[in-house]
Amino acid sequence: MSAEYKTLSAAPLHLSGSSLKLIACGAMLTDHACKVLLSPSSPACLILSGLVGRIAFPLFAFLLVEGFLHTRSRFRYAGNLLLFAALSEVPFDLALYGRPFFRMHQNTLFTLFLALLMLILLETASGKLSGRYSQMSAKILIILAFALAAWLLRTDYDALGVGAVAAMYLLWGWGLPAPSMGCLILNLASFANAGAFLSLLPIACYNGRRGMKVKYAFYLFYPAHLLALYGLKLLM
């Protein structure tokens, strides 16, 4: 597969990777603010969380694949995801469940960490196995194994999240159909994630460039915004 994403040169805007991260962080903040500060049944929460909030994960999944294909060290990338996933778990549980530990739901960074390990093994299978049937069988087993792991660990978006990343990776050279398939997989169980398709608008404007080099700021934003929302909830 090609390591370059097929961008659309005729897109009305040209967004870098850091611009997509900013959009994803804004959507995630909107989603979590609704869940933490508003009633789940309120019209504002249903619209903002159900539509705007669903943009975040497919953007992060898209950027995960892009990062995997271009990072200098996949294992350092995985280590950073695991570290910040662990650091974010208590803020995640406090903000969403009001307790420091809630074992029935793990944060999104754990999903992305599992997906990144899956991508490493998928690439290894392509390089080590010669027969097309052997490669296909190995890839199916790898995807199923990590989807099961996400489901058992109850990570955010669980098996569907891992499956969305796998689809984007396997279809990467096709351009926009890759994230489109990822969004479709996120909606296999229901249409609760229908807003994910809105992420295709900024992705269509992606110019293939990295943009600002502030990766740790994006890692830190995840636990920081959750702690801030929990603090606001206590004040209210």
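This is a predicted model, so every value here is computed, not measured. (Residues numbered from 1 in each chain as written. Predicted model: local features only at pLDDT ≥ 70, side-chain atom pairs only at ≥ 80, totals over all residues. Heavy atoms only, no water.)

Here we look at the pattern of salt bridges
Side chains that differ in charge, positive against negative, can pair when their charged atoms come close.
Then, number 1: In the structure shown here, the tally under the stated rule is three salt bridges.
Then, number 2: Salt-bridge contacts for Asp31 lead to Arg54; the nearest nitrogen and oxygen are separated by 3.0 Å. Here the residue Asp31 occupies a position in helix H1 (residues 17-37), and Arg54 occupies one in the loop between helix H2 (43-50) and helix H3 (56-70), the gap between them amounting to 23 residues.
Then, number 3: By relative accessible area, which is 5% here, Asp31 ends up buried.
Then, number 4: A salt bridge links Glu123 to Arg74, with the shortest nitrogen-to-oxygen separation between them at 2.3 Å. Placement of the pair is Glu123 in helix H5 (residues 108-128) and Arg74 in helix H4 (residues 74-97), with a sequence separation of 49 residues. (Salt bridge = Lys/Arg side-chain N within 4 Å of Asp/Glu carboxyl O. Helix = DSSP H or I, 4+ residues; strand = E, 2+ residues; numbered from the N terminus. Buried < 20%, exposed > 50% of the residue type's maximum accessible area, 1.4 Å probe, protein only.)

Concerning the confidence of the model for the chain
Then, number 1: Looking at the chain as a whole, the pLDDT averages 92, with 97% of positions reaching at least 70.
Then, number 2: Per-element confidence in the chain ranges from a low mean pLDDT of 87 for H2 to a high of 97 for helix H7 (residues 158-170). (pLDDT = per-residue confidence, 0-100.)

What about a nonpolar patch on the surface?
Then, number 1: A surface patch of nonpolar side chains, amounting to about 550 Å² of accessible area, comprises Leu46, Ile47, Leu48, Leu51, Leu198 and Leu201.
Then, number 2: Here the nonpolar patch gets three residues from one element, more than from any other, and that element is H2.
Then, number 3: Its place among the elements puts Ile47 in helix H2. (Patch = residues over 30% accessible without salt bridge, like charges linked within 9 Å, V, L, I, M, F, W, Y side chains within 5 Å. Areas by Shrake-Rupley, 256 points an atom, 1.4 Å probe, with all protein chains shown as cover.)

A few points about the environment of His32
Then, number 1: Within the element layout of this structure, His32 appears in helix H1.
Then, number 2: The spatial distance from the C-alpha of His32 to the C-alpha of Leu96 is 7.8 Å, given a sequence separation of 64 residues.
Then, number 3: Setting aside residues no more than four positions away along its own chain, His32 makes contact with Tyr222, His225, Leu226 and Leu229. (Contact = heavy atoms within 4.5 Å.)

Looking at unusual backbone geometry
Then, number 1: In this structure, Arg154 is a non-glycine residue whose phi angle is positive, near 60°.
Then, number 2: By secondary structure assignment, the location of Arg154 is in the loop between helix H6 (132-153) and H7.
Then, number 3: Although it is not a glycine, Tyr157 sits at a positive phi angle of roughly 70°.
Then, number 4: Relative to the assigned elements, Tyr157 resides in the loop between H6 and H7.

Digging into the nonpolar core
Then, number 1: If you look at the biggest cluster of nonpolar residues, it comprises 63 residues, and the most contacted ones within it are Phe62, Leu64, Val65, Leu81, Met118, Leu119 and Val165.
Then, number 2: In this view, Phe62 contacts Tyr5, Leu20, Met168, Trp172, Pro179, Ile203 and Tyr206; residues no more than four positions away in its chain are not counted. (Core = buried A, V, L, I, M, F, W, Y, C linked by side-chain atoms within 4.5 Å.)

Section: the packing of aromatic side chains
Then, number 1: This model, assessed by the stated rule, comprises seven aromatic pairs.
Then, number 2: Between Phe62 and Trp172, the ring centres sit 5.0 Å apart and the planes meet at 40°, which makes this aromatic pair tilted. Of this pair, Phe62 sits in helix H3 while Trp172 is found in the loop between H7 and helix H8 (177-186), placing the two residues 110 residues apart along the sequence. You'll find Phe62 and Trp172 in the same group, each marked buried.
Then, number 3: Ring centres of Tyr216 and Tyr219 lie 5.9 Å apart, and the angle between their planes is 45°; this geometry places the pair in the tilted category. Within this pair, Tyr216 and its partner Tyr219 are both found in helix H10 (residues 215-235), separated by three residues, close to a single helical turn.
Then, number 4: Its relative accessible area of 11% is what places Tyr219 among the buried residues.
Then, number 5: Through a chain of ring-to-ring contacts, three or more aromatic side chains come together here, namely Phe62, Trp172 and Tyr206.
Then, number 6: For Arg74, the ring lying beneath its charged end belongs to Phe68, and the centroid distance is 3.9 Å. (Phe/Tyr/Trp six-rings, centres within 6.5 Å; stacked < 30°, edge-to-face > 60°. Lys NZ or Arg CZ within 6 Å of the ring centre and 35° of its normal.)

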